[in-house]
Amino acid sequence: MSISLEVNTMVRKASDIPPVAHAEAGQQSRIEYERVLALLESLEGDDWQQQTYCTEWTVREMVAHLAGSMTGSTSLSEFVRQNVRNPYIKEAEEPVDGVNRLQVEERADKTTTEIIEEFRQSGPIAIRNRQKLPWLVRQIPIPDVGNVGYLMDIIYPRDEWMHRYDICAATGKKMVITPEHDGRLTDLVLLDIAKKLKKQLAGRTIVLQITGALSGTYRFGHQTEPDCALEIDLYDLHLRASERISTDDALKRTAVSGDEAAARWFLSNATVLY
(Lines give C-alpha, C1' and ligand atoms only; values in the text may rest on other atoms or scores of the structure.)
Protein backbone atom coordinates (compact mmCIF):
# COMPACT_ATOMS: atom_id res chain seq x y z
CA MET A 1 0.00 0.00 0.00
CA SER A 2 1.35 3.40 -0.93
CA ILE A 3 0.24 6.52 0.94
CA SER A 4 1.17 9.88 -0.52
CA LEU A 5 1.48 13.01 1.60
CA GLU A 6 1.55 16.49 0.16
CA VAL A 7 3.97 18.09 2.55
CA ASN A 8 6.68 20.70 2.28
CA THR A 9 8.56 19.68 5.40
CA MET A 10 10.31 16.56 6.57
CA VAL A 11 8.54 13.90 8.59
CA ARG A 12 9.70 13.99 12.20
CA LYS A 13 9.64 10.98 14.49
CA ALA A 14 7.41 12.04 17.38
CA SER A 15 9.34 10.00 19.94
CA ASP A 16 12.53 11.93 19.05
CA ILE A 17 11.09 15.32 20.02
CA PRO A 18 13.41 16.76 22.72
CA PRO A 19 11.79 16.92 26.18
CA VAL A 20 11.37 20.30 27.80
CA ALA A 21 14.11 21.59 30.08
CA HIS A 22 13.17 23.27 33.35
CA ALA A 23 14.42 26.70 32.29
CA GLU A 24 12.61 26.42 28.97
CA ALA A 25 9.40 25.50 30.79
CA GLY A 26 9.71 28.68 32.82
CA GLN A 27 10.00 30.73 29.64
CA GLN A 28 6.98 28.96 28.16
CA SER A 29 5.00 29.72 31.32
CA ARG A 30 5.90 33.40 31.17
CA ILE A 31 4.93 33.74 27.52
CA GLU A 32 1.66 31.88 28.04
CA TYR A 33 0.81 34.00 31.07
CA GLU A 34 1.35 37.18 29.04
CA ARG A 35 -0.81 35.93 26.17
CA VAL A 36 -3.61 34.78 28.44
CA LEU A 37 -3.56 38.10 30.30
CA ALA A 38 -3.75 40.06 27.05
CA LEU A 39 -6.73 37.92 25.99
CA LEU A 40 -8.53 38.41 29.31
CA GLU A 41 -8.05 42.17 29.09
CA SER A 42 -9.75 42.12 25.68
CA LEU A 43 -12.94 40.45 26.94
CA GLU A 44 -16.06 42.54 27.24
CA GLY A 45 -19.83 42.37 27.53
CA ASP A 46 -21.35 39.06 26.52
CA ASP A 47 -17.93 37.43 26.07
CA TRP A 48 -17.99 36.41 29.72
CA GLN A 49 -21.20 34.41 29.43
CA GLN A 50 -20.25 32.36 26.37
CA GLN A 51 -20.20 28.57 26.71
CA THR A 52 -16.81 26.89 26.28
CA TYR A 53 -15.66 23.47 25.11
CA CYS A 54 -15.50 22.61 28.82
CA THR A 55 -19.26 22.21 28.86
CA GLU A 56 -19.75 22.93 32.57
CA TRP A 57 -17.96 26.28 32.30
CA THR A 58 -18.72 29.63 30.78
CA VAL A 59 -15.81 31.94 29.93
CA ARG A 60 -16.23 33.61 33.33
CA GLU A 61 -15.93 30.32 35.18
CA MET A 62 -12.93 29.31 33.10
CA VAL A 63 -11.16 32.56 33.93
CA ALA A 64 -11.98 32.01 37.62
CA HIS A 65 -10.22 28.64 37.34
CA LEU A 66 -7.20 30.24 35.68
CA ALA A 67 -6.95 32.87 38.42
CA GLY A 68 -7.38 30.26 41.13
CA SER A 69 -4.74 28.03 39.61
CA MET A 70 -2.23 30.87 39.57
CA THR A 71 -3.05 31.83 43.15
CA GLY A 72 -2.61 28.19 44.12
CA SER A 73 1.11 28.50 43.41
CA THR A 74 1.70 31.81 45.20
CA SER A 75 2.49 30.09 48.51
CA LEU A 76 2.89 26.60 49.94
CA SER A 77 -0.04 27.15 52.31
CA GLU A 78 -2.35 28.11 49.44
CA PHE A 79 -1.21 25.15 47.35
CA VAL A 80 -1.95 22.81 50.27
CA ARG A 81 -5.31 24.47 50.93
CA GLN A 82 -6.43 23.97 47.33
CA ASN A 83 -4.85 20.59 46.60
CA VAL A 84 -4.73 18.75 49.92
CA ARG A 85 -7.15 20.19 52.48
CA ASN A 86 -9.83 20.93 49.90
CA PRO A 87 -13.02 19.10 51.01
CA TYR A 88 -14.27 18.78 47.44
CA ILE A 89 -11.42 16.46 46.49
CA LYS A 90 -12.98 13.52 48.34
CA GLU A 91 -16.32 14.12 46.63
CA ALA A 92 -14.96 14.29 43.09
CA GLU A 93 -14.23 11.37 40.79
CA GLU A 94 -10.89 12.98 39.94
CA PRO A 95 -8.95 15.16 42.44
CA VAL A 96 -8.50 17.89 39.82
CA ASP A 97 -12.28 18.26 39.61
CA GLY A 98 -12.40 19.07 43.31
CA VAL A 99 -9.64 21.64 42.93
CA ASN A 100 -11.39 23.25 39.97
CA ARG A 101 -14.69 23.38 41.84
CA LEU A 102 -13.12 25.21 44.77
CA GLN A 103 -11.39 27.70 42.49
CA VAL A 104 -14.58 28.56 40.61
CA GLU A 105 -16.90 28.71 43.63
CA GLU A 106 -14.58 30.95 45.63
CA ARG A 107 -14.67 33.55 42.83
CA ALA A 108 -18.39 33.39 42.10
CA ASP A 109 -19.04 36.75 43.79
CA LYS A 110 -16.03 38.57 42.37
CA THR A 111 -16.29 40.98 39.47
CA THR A 112 -14.59 40.11 36.22
CA THR A 113 -12.22 43.01 36.83
CA GLU A 114 -11.25 41.52 40.20
CA ILE A 115 -10.68 38.08 38.67
CA ILE A 116 -8.42 39.51 35.96
CA GLU A 117 -6.52 41.51 38.56
CA GLU A 118 -5.98 38.36 40.63
CA PHE A 119 -4.60 36.58 37.57
CA ARG A 120 -2.38 39.57 36.79
CA GLN A 121 -0.97 39.79 40.33
CA SER A 122 -0.63 36.05 41.04
CA GLY A 123 0.87 35.00 37.70
CA PRO A 124 4.45 36.26 38.08
CA ILE A 125 4.64 35.02 41.69
CA ALA A 126 3.31 31.59 40.72
CA ILE A 127 5.73 31.19 37.82
CA ARG A 128 8.67 32.26 39.96
CA ASN A 129 7.70 29.84 42.74
CA ARG A 130 7.27 26.96 40.32
CA GLN A 131 10.73 27.62 38.91
CA LYS A 132 12.35 27.76 42.37
CA LEU A 133 11.06 24.40 43.62
CA PRO A 134 13.94 22.19 44.87
CA TRP A 135 14.84 19.17 42.75
CA LEU A 136 13.70 16.73 45.45
CA VAL A 137 10.28 18.39 45.66
CA ARG A 138 9.92 18.18 41.89
CA GLN A 139 10.40 14.40 42.10
CA ILE A 140 7.44 13.88 44.48
CA PRO A 141 5.02 11.54 42.68
CA ILE A 142 1.45 12.57 41.90
CA PRO A 143 -0.99 9.74 41.07
CA ASP A 144 -2.20 9.74 37.45
CA VAL A 145 0.01 12.75 36.66
CA GLY A 146 3.66 11.81 37.12
CA ASN A 147 5.43 14.06 39.57
CA VAL A 148 5.41 17.64 40.80
CA GLY A 149 7.96 18.72 38.19
CA TYR A 150 5.81 17.39 35.33
CA LEU A 151 2.79 19.20 36.74
CA MET A 152 4.66 22.50 36.96
CA ASP A 153 6.64 22.32 33.70
CA ILE A 154 4.21 20.57 31.35
CA ILE A 155 0.64 20.56 32.62
CA TYR A 156 0.30 24.12 33.91
CA PRO A 157 1.43 25.92 30.71
CA ARG A 158 -0.42 23.35 28.56
CA ASP A 159 -3.61 23.87 30.57
CA GLU A 160 -3.36 27.64 30.17
CA TRP A 161 -2.71 27.29 26.43
CA MET A 162 -5.78 25.09 25.98
CA HIS A 163 -7.97 27.43 27.97
CA ARG A 164 -6.69 30.34 25.91
CA TYR A 165 -7.96 28.50 22.87
CA ASP A 166 -11.24 27.64 24.64
CA ILE A 167 -11.84 31.33 25.32
CA CYS A 168 -10.90 32.37 21.79
CA ALA A 169 -13.19 29.74 20.29
CA ALA A 170 -16.07 30.78 22.56
CA THR A 171 -15.74 34.52 21.95
CA GLY A 172 -14.45 34.70 18.39
CA LYS A 173 -11.17 36.30 19.49
CA LYS A 174 -8.07 35.68 17.36
CA MET A 175 -5.64 33.18 18.87
CA VAL A 176 -2.07 34.48 18.88
CA ILE A 177 0.13 31.69 17.51
CA THR A 178 3.89 31.55 16.91
CA PRO A 179 5.96 28.50 15.90
CA GLU A 180 8.53 29.09 18.65
CA HIS A 181 6.01 29.00 21.50
CA ASP A 182 2.81 27.31 20.35
CA GLY A 183 4.69 24.95 18.04
CA ARG A 184 6.90 23.82 20.89
CA LEU A 185 3.92 23.28 23.20
CA THR A 186 2.30 21.20 20.46
CA ASP A 187 5.49 19.18 20.01
CA LEU A 188 5.45 18.35 23.72
CA VAL A 189 1.87 17.09 23.40
CA LEU A 190 2.97 14.86 20.52
CA LEU A 191 5.94 13.62 22.55
CA ASP A 192 3.59 12.62 25.36
CA ILE A 193 1.33 10.84 22.88
CA ALA A 194 4.34 8.98 21.47
CA LYS A 195 5.38 7.88 24.97
CA LYS A 196 1.87 6.73 25.78
CA LEU A 197 1.47 4.75 22.53
CA LYS A 198 4.98 3.27 22.41
CA LYS A 199 3.92 -0.13 23.76
CA GLN A 200 0.49 -0.06 22.14
CA LEU A 201 1.43 0.49 18.51
CA ALA A 202 1.85 -3.27 17.97
CA GLY A 203 3.66 -2.77 14.68
CA ARG A 204 1.41 0.03 13.46
CA THR A 205 2.91 3.15 11.94
CA ILE A 206 0.86 6.33 11.71
CA VAL A 207 1.82 9.59 10.04
CA LEU A 208 0.15 12.72 11.37
CA GLN A 209 0.11 15.89 9.29
CA ILE A 210 -0.89 19.05 11.16
CA THR A 211 -2.33 21.93 9.16
CA GLY A 212 -3.82 25.34 9.85
CA ALA A 213 -2.28 27.90 12.20
CA LEU A 214 0.84 25.73 12.42
CA SER A 215 2.02 22.87 10.23
CA GLY A 216 4.23 19.83 10.63
CA THR A 217 4.34 16.12 9.90
CA TYR A 218 5.09 13.45 12.50
CA ARG A 219 5.57 9.68 12.48
CA PHE A 220 4.45 7.30 15.22
CA GLY A 221 6.00 3.85 14.78
CA HIS A 222 9.02 2.47 12.98
CA GLN A 223 7.87 1.22 9.57
CA THR A 224 8.88 3.11 6.43
CA GLU A 225 5.43 2.67 4.92
CA PRO A 226 2.68 3.88 7.30
CA ASP A 227 -0.58 2.05 7.87
CA CYS A 228 -2.38 5.34 7.56
CA ALA A 229 -1.85 9.07 7.26
CA LEU A 230 -4.03 11.63 9.02
CA GLU A 231 -4.34 15.29 8.10
CA ILE A 232 -5.78 17.31 10.97
CA ASP A 233 -6.08 20.98 11.89
CA LEU A 234 -3.90 22.18 14.78
CA TYR A 235 -6.83 23.07 16.99
CA ASP A 236 -8.72 19.86 16.23
CA LEU A 237 -5.62 17.92 17.28
CA HIS A 238 -5.60 19.64 20.66
CA LEU A 239 -9.35 19.31 21.04
CA ARG A 240 -9.07 15.56 20.58
CA ALA A 241 -5.87 15.14 22.63
CA SER A 242 -7.55 16.95 25.53
CA GLU A 243 -10.75 14.90 25.02
CA ARG A 244 -12.86 17.97 24.32
CA ILE A 245 -14.18 16.25 21.21
CA SER A 246 -14.91 12.55 20.69
CA THR A 247 -13.08 10.16 18.40
CA ASP A 248 -16.03 10.25 15.99
CA ASP A 249 -16.03 14.05 15.89
CA ALA A 250 -12.28 14.09 15.34
CA LEU A 251 -12.60 11.63 12.45
CA LYS A 252 -15.18 13.88 10.80
CA ARG A 253 -12.64 16.71 10.92
CA THR A 254 -9.69 14.59 9.73
CA ALA A 255 -8.65 13.51 6.22
CA VAL A 256 -7.53 9.87 6.35
CA SER A 257 -5.47 7.93 3.82
CA GLY A 258 -4.92 4.21 4.24
CA ASP A 259 -6.24 1.99 7.02
CA GLU A 260 -9.25 3.73 8.56
CA ALA A 261 -9.28 1.31 11.51
CA ALA A 262 -5.72 2.31 12.37
CA ALA A 263 -6.70 5.97 12.11
CA ARG A 264 -9.62 5.44 14.49
CA TRP A 265 -7.38 3.56 16.90
CA PHE A 266 -4.87 6.39 16.89
CA LEU A 267 -7.41 9.15 17.48
CA SER A 268 -9.07 7.08 20.17
CA ASN A 269 -5.82 6.67 22.09
CA ALA A 270 -3.98 9.92 21.31
CA THR A 271 -5.10 11.66 24.50
CA VAL A 272 -2.91 13.13 27.23
CA LEU A 273 -3.24 15.29 30.32
CA TYR A 274 -3.97 18.99 29.91
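Structure shown above.
Residues numbered from 1 in each chain as written. Predicted model: local features only at pLDDT ≥ 70, side-chain atom pairs only at ≥ 80, totals over all residues. Heavy atoms only, no water.

A. Summary view of a negative patch on the surface. A contiguous patch of negative charge, built from Glu 56, Glu 93, Glu 94, Asp 97 and Asp 144, is present on the exposed surface. Among the secondary structure elements, Glu 56 is positioned in the loop between helix 1 (22-42) and helix 2 (59-71). (Patch = residues over 30% accessible without salt bridge, like charges linked within 9 Å, V, L, I, M, F, W, Y side chains within 5 Å. Areas by Shrake-Rupley, 256 points an atom, 1.4 Å probe, with all protein chains shown as cover. Salt bridge = Lys/Arg side-chain N within 4 Å of Asp/Glu carboxyl O. Lys, Arg positive; Asp, Glu negative; His and termini not counted. Charge placed at Lys NZ, Arg CZ, Asp CG, Glu CD. Helix = DSSP H or I, 4+ residues; strand = E, 2+ residues; numbered from the N terminus.)

B. Structural context of the pairing of strand 6 (residues 228-233). Where strand 4 (residues 206-211) and strand 6 come together, six bridges link them in parallel fashion. Bridge pairing links Val 207 to Ala 229 in strand 6. By the bridge criterion, four bridges tie strand 6 to strand 7 (residues 255-258) in an arrangement that is antiparallel. Residue pairing for strand 7: Glu 231 is matched across the bridge by Ala 255. (Pairing = 2+ DSSP bridges.)

C. The arrangement of the sheet that holds strand 4 in detail. Spatially, the five strands line up as an open sheet ordered 1-5-4-6-7, and their pairing is mixed. Single-partner strands in this sheet number two, and they are strand 1 (11-13) and strand 7. Going across the sheet, the axis of each strand differs from the next one's by a mean of 25 degrees, ignoring polarity. Helix 9 (residues 179-197) contacts strand 1, strand 4 and strand 5 (216-220) of the sheet and is inclined by roughly 15 degrees relative to strand 5. (Axes fitted to C-alpha atoms, helices over the stretch in contact; angles between N-to-C directions. Contact = heavy atoms within 4.5 Å.)

D. View of the packing of helix 8 (residues 148-171) against helix 10 (residues 234-241). Closest axis-to-axis distance for the helix 8/helix 10 pair is 11 Å, and the angle between their directions is 120 degrees. In terms of their interaxial angle, helix 8 and helix 10 are classed as oblique. For the element pair helix 8 and helix 10, the recorded crossing hand is left-handed. From helix 8, Trp 161, Met 162 and Tyr 165 reach across to helix 10, where they touch Tyr 235, His 238 and Leu 239. Taken together, the residues of the contact of helix 8 with helix 10 sort by class into five nonpolar, one polar and no charged. (Parallel < 35°, antiparallel > 145°, perpendicular 65-115°, else oblique. Left-handed = near helix turned anticlockwise from the far one by under 90°. Nonpolar A, V, L, I, M, F, W, Y, C, P; charged D, E, K, R; others polar.)

E. Inspection of the pairing of strand 4 at higher detail. The element strand 4 is largely enclosed, with a buried count of five among its six residues. Relative to strand 5, strand 4 is paired through five bridges, and the arrangement is antiparallel. Among the inter-strand pairings, Ile 206 is bridged to a residue of strand 5, identified as Phe 220. Counting the residues that bridge the hairpin from strand 4 to strand 5 gives four residues, and of these Gly 212 lies at a positive phi of roughly 100 degrees. (Buried < 20%, exposed > 50% of the residue type's maximum accessible area, 1.4 Å probe, protein only.)

F. Representation of unusual backbone geometry within the structure. The phi torsion at Asp 144 lies on the positive side, around 65 degrees, for a residue other than glycine. Within the fold, Asp 144 resides in the loop between strand 2 (141-142) and strand 3 (146-147). Of note in the backbone geometry, Glu 243 takes a positive phi value of approximately 65 degrees without being a glycine. Residue classification places Glu 243 among the exposed positions, given a relative accessible area of 57%.

G. Structural view of the nonpolar core. One finds Phe 119, Ile 167, Leu 190, Ile 193, Leu 208, Phe 220 and Phe 266 to be the most contacted residues of the largest nonpolar core, which totals 72 residues. If one sorts the elements of this core by residue count, helix 8 sits on top with 12 residues. When near neighbours in sequence (up to four residues on either side) are disregarded, Leu 190 contacts Ala 14, Ile 17, Leu 208, Ile 210, Tyr 218, Phe 220 and Leu 237. (Core = buried A, V, L, I, M, F, W, Y, C linked by side-chain atoms within 4.5 Å.)

H. Structural detail: the side chain of Thr 171. Relative to the assigned elements, Thr 171 resides in helix 8. A distance of 3.5 Å separates the side chain of Thr 171 from the backbone nitrogen of Lys 173, its partner in a polar contact. Residues contacting Thr 171, with those up to four places away along its chain left out, are Leu 43, Asp 47, Gln 50 and Val 59. (Polar contact = N/O pair within 3.5 Å; in protein donor to acceptor, adjacent residues only side chain to side chain.)

I. Expanded view of the packing of aromatic side chains. With the rule as written, the count across this model stands at four aromatic pairs. On the numbers, 6.3 Å between centres and 20 degrees between planes, the contact of Tyr 53 with Tyr 165 is stacked. Here Tyr 165 lies in helix 8 and Tyr 53 lies in the loop between helix 1 and helix 2, a separation of 112 residues in the sequence. For Tyr 53, a relative accessible area of 28% translates into the label partly exposed. For Tyr 165, a relative accessible area of 11% corresponds to the buried category. Ring geometry for Phe 220 versus Phe 266: centroids 5.0 Å apart, planes at 55 degrees, classification tilted. Residue Phe 220 is found in strand 5, and its partner Phe 266 is found in helix 12 (residues 260-269); the two are separated by 46 residues along the sequence. Connected via pairs of aromatic rings, a cluster forms that spans Tyr 53, Tyr 165 and Tyr 235. Positioned over the ring face of Tyr 274 is Arg 158, at 5.5 Å from the centre of the ring. The lysine or arginine in question, Arg 204, covers the ring of Trp 265, its NZ or CZ lying 4.1 Å from the ring centre. (Phe/Tyr/Trp six-rings, centres within 6.5 Å; stacked < 30°, edge-to-face > 60°. Lys NZ or Arg CZ within 6 Å of the ring centre and 35° of its normal.)

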